[in-house]
Each structure stands twice: as C-alpha cells, then as structure tokens.
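Single-letter residue listing:
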Amino acid sequence: MPKAWLSLGANIGYPKAQLAEAVQRLDTHPEVTVTSRSSVIITRPWGKTDQPDFANMAVAVETSLKPEPLLDACLAVERDMGRERIEVWGPRLIDIDIIAYDRLEITTERLTVPHPYAHERDFVLVPLREIDPATAEWVMERAKAGS
C-alpha cells in the first residue's frame, strides 16, 4: 500500500489538541491509516512572523488514495475542523500538508510532491526526521537536485 508523510501545524485555539484531533480524523478515514507520529514541537512562525508560535508534528500514513484524493482528504479534515483560509502563512486552527508520497515526484496545479518548501523548514524536517530519517533525506536530495 502507498505511504505518505504529512506535516501538521496549528497556532490558534488549542494547537496540541487540534493536532491530536486531526491525526484521529485522518486515522478514521476509511482509506487512511496513521502508522507513525512524531512528537509535537513548538516553533516560531515562518513567512508571517507577527503571530503566535506553532505546534507542529509529522505523521506517516498508509493509504489506498492516490495523491490528489489524499490532498482532498486532508483539506476535508481542515475544513471540518473549522479552518478558514484568510491569509497566506497566517494563523490557523489546523494545517495539513503532504510532504512526500512514496518516492513520487508530482507537479500539478493543485499539488507538488515532495513539498516545495519542506527542505527549508525545520518545523517540517525535525518531526519528519524523527519518524522517517530516510524520507527526510530523500526530500533534501530532491530539493538539491531541483536547484
């Protein structure tokens, strides 16, 4: 079954509880099984810095969903939890990004995998290295190859 690695973050409301809820929602999706999860780390905001710190983590999942339907499932969790997309890099109740999907390289209008900024963001790499160092290394290698 295909594997994917997701990055989760939140910085308003009750971030740690929201991360736990998002993981639970993903794990109860009929075509997604969470197979490992990182610790939660607290990080400074990236991009737009005048906002609260973020709680971040990563999860590995096995899924029968193809990449874009997996993106739709992640967006549905965000929407169902009350996420509103108001400003780029702004505060959020929950954010779920696909960092990698197997070892595929995908670029569509809706999805780029590996995630185009993952290699620049410790809040993605630190949790990803905790649960799957080889995938974190692959993401870094793909970024270097694309430079």
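Residues numbered from 1 in each chain as written. Predicted model: local features only at pLDDT ≥ 70, side-chain atom pairs only at ≥ 80, totals over all residues. Heavy atoms only, no water.

Caption draft 1: Up close: the pairing of strand 5 (residues 95–101). Strand 5 sits mainly inside the fold: six of its seven residues count as buried. In this sheet, strand 5 lies alongside strand 1 (residues 3–10) in antiparallel orientation, the contact comprising six bridges. By the bridge assignment for strand 5, Ala-4 is matched with Tyr-101. (Buried < 20%, exposed > 50% of the residue type's maximum accessible area, 1.4 Å probe, protein only. Helix = DSSP H or I, 4+ residues; strand = E, 2+ residues; numbered from the N terminus. Pairing = 2+ DSSP bridges.)

Caption draft 2: The arrangement of the pattern of salt bridges in detail. A full pass over the atoms with the stated rule returns seven salt bridges. The shortest N-O distance in the salt bridge between Asp-72 and Arg-110 comes to 2.4 Å. Pair noted here: Asp-72 is in helix 2 (residues 67–80) and Arg-110 is in the loop between strand 6 (106–107) and strand 7 (112–113), with a separation of 38 residues, a long-range link. Between Arg-92 and Asp-95 there is a salt bridge, with its nearest N and O atoms 3.4 Å apart. Accessibility expressed as a relative area gives 12% for Asp-95, which makes it buried. (Salt bridge = Lys/Arg side-chain N within 4 Å of Asp/Glu carboxyl O.)

Caption draft 3: Here's a closer look at the environment of Ile-106. Along the polypeptide, Ile-106 turns up in strand 6. Here Ile-106 falls in the buried class, since its relative accessible area comes to 15%. Put simply, Ile-106 and Glu-68 are 38 residues apart on the chain and 9.9 Å apart in space, counted from C-alpha to C-alpha. In this structure, Ile-106 is in contact with Pro-67, Leu-111, Thr-112 and Val-113, ignoring residues within four places of it in sequence. (Contact = heavy atoms within 4.5 Å.)

Caption draft 4: Summary view of helix 1 (residues 15–28). The first and last C-alpha atoms of helix 1 sit 20 Å apart over 14 residues, in line with the 20 Å expected at 1.5 Å per residue. For helix 1, the full list of buried residues reads Pro-15, Gln-18, Leu-19, Ala-22, Val-23 and Leu-26. What you see down the axis of helix 1 is that its buried residues fit within an arc of 140 degrees, all on one side. Turned more than 90 degrees away from the buried face of helix 1 sit Lys-16 and Thr-28, all of them exposed. Buried-residue contacts for helix 1 involve strand 1, strand 2 (32–37), strand 4 (54–63), helix 2 and strand 5. (Expected span 1.5 Å × (residues − 1). Arc of directions from axis to C-beta.)

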